[in-house]
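Structure at a glance
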Amino acid sequence: MRSVAIACQGGGSHTAFTGGALQRLLADPDHRTVALSGTSGGAVCAFLAWYGLMTSGAGEAGRLLERFWEANAATTLSDKAANAWLVGLARLEGRVSLPTVSPYVYPDIAGAAFTDLLTRHVDVDRLARLQESLSADQPLLLLGAADVLTGDFKAFSSRRREITVNAVLASAAVPLLFRAVREQGRYYWDGLFSQNPPVRELPDAGPDEIWVIRINPRARAAEPKSVGDIADRRNELAGNLSLEQELYFIRKVNEWADRLGEPYRRIEVRELALDLDLDVASKLDRRPAFLRRLFDAGREQAEAFLAGLPA
């Protein structure tokens, strides 16, 4: 049986795609998931998948991911209005200069709402107990964040008993939308700036392969010229920079393994990518139909990915 580690890149609402992809990948009987990692929205998906695997298995992990994205959708009238305003403002910002407001000016609504949403799907006390009894043959979980003050990279690890709902929030705390999150006496922002997602610690779990769920496209066909297109591409490059650095590390170690031979072995890296043409503003979009479209696309893409694996 192939053992794999799955790394989930961040990307806001676009990571509903990751939720669908994980649902299908985890259900496949021909591989064993030994580790999960994620940053931002990818951290949320990796966390829910890991929690589901640890508590009730792959089926529950898939159901938990689907329930979370359904609950995250803007369904009430006030939520729909707020969603339309936020997405519209983000698109307008790509065309004209708009004043920005610090998240410290108003109450921490975003952080409180995010925490409430997660704790509706995860038992906090059970989460702590899971890490107390974690053994070496159970899946590893890593969540990427950036220390605001020191600039250090941080990968919260289940093996170091560091996984909390607050750590997930720290990984997803996009500046100007969220306040910096205080965890373990330090202040953290979205892991986009550090490890998106964490990869270099995944070999500690002993995988045969690392599967990367990529949200930001690596390449574009045309030169971005409008303000909006430039902003979109800048966001994509920022999201990919840390991932490429993480993958470079794995590729370099693979080169050494190839030269040294036994007992050293390479770890195959494969990618599953979101291939829809979406702008950066849609990373904030929580319309139910949009999130469902992404979730279903993730399942379909994962099905094709599995079908294309070598026997």
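Attention here is on the structure that accompanies the text. (Residues numbered from 1 in each chain as written. Predicted model: local features only at pLDDT ≥ 70, side-chain atom pairs only at ≥ 80, totals over all residues. Heavy atoms only, no water.)

Turning our attention to the packing of aromatic side chains. This model, assessed by the stated rule, comprises four aromatic pairs. Geometrically, the ring pair formed by Phe-114 and Phe-178 is edge-to-face, given 6.2 Å between the ring centres and 85 degrees between the ring planes. On the criterion of sequence distance, the pair formed by Phe-114 in helix 5 (residues 109-119) and Phe-178 in the loop between helix 7 (165-172) and strand 5 (181-183) is long-range, its members being 64 residues apart. A residue is classified by how much of its surface remains accessible, and Phe-114, at 14% relative accessible area, is buried. (Phe/Tyr/Trp six-rings, centres within 6.5 Å; stacked < 30°, edge-to-face > 60°. Helix = DSSP H or I, 4+ residues; strand = E, 2+ residues; numbered from the N terminus. Buried < 20%, exposed > 50% of the residue type's maximum accessible area, 1.4 Å probe, protein only.)

Take the side chain of Thr-55 next. Topologically, Thr-55 is positioned in helix 2 (residues 41-55). Within the local environment of Thr-55, its side chain forms a polar contact with the backbone oxygen of Gly-52, the two atoms lying 3.3 Å apart. In contact with Thr-55, not counting residues within four places along its chain, are Glu-60, Arg-126 and Leu-130. (Polar contact = N/O pair within 3.5 Å; in protein donor to acceptor, adjacent residues only side chain to side chain. Contact = heavy atoms within 4.5 Å.)

All right, on to the side chain of His-121 then. Here His-121 shows up in the loop between helix 5 and helix 6 (124-132). Assessed through its relative accessible area of 15%, His-121 is described here as buried. Within the structure, the side chain of His-121 is placed 2.9 Å from the backbone oxygen of Leu-117, a separation counted as a polar contact. In this structure His-121 touches Leu-48, Tyr-51, Leu-64, Arg-67, Phe-68 and Ala-71, once residues within four positions along its chain are discounted.

Put simply, Asn-196 and Pro-197 share a cis peptide bond, and its omega is 0 degrees. Structurally, Pro-197 is set in the loop between strand 6 (186-190) and strand 7 (209-214). In this chain, Glu-262 is followed by Pro-263 through a cis amide linkage whose omega measures 5 degrees. One can find Pro-263 in the loop between helix 8 (227-260) and strand 8 (268-273). Of note in the backbone geometry, Arg-161 takes a positive phi value of approximately 55 degrees without being a glycine. Mapped onto the elements, Arg-161 comes out in the loop between strand 4 (153-157) and helix 7.

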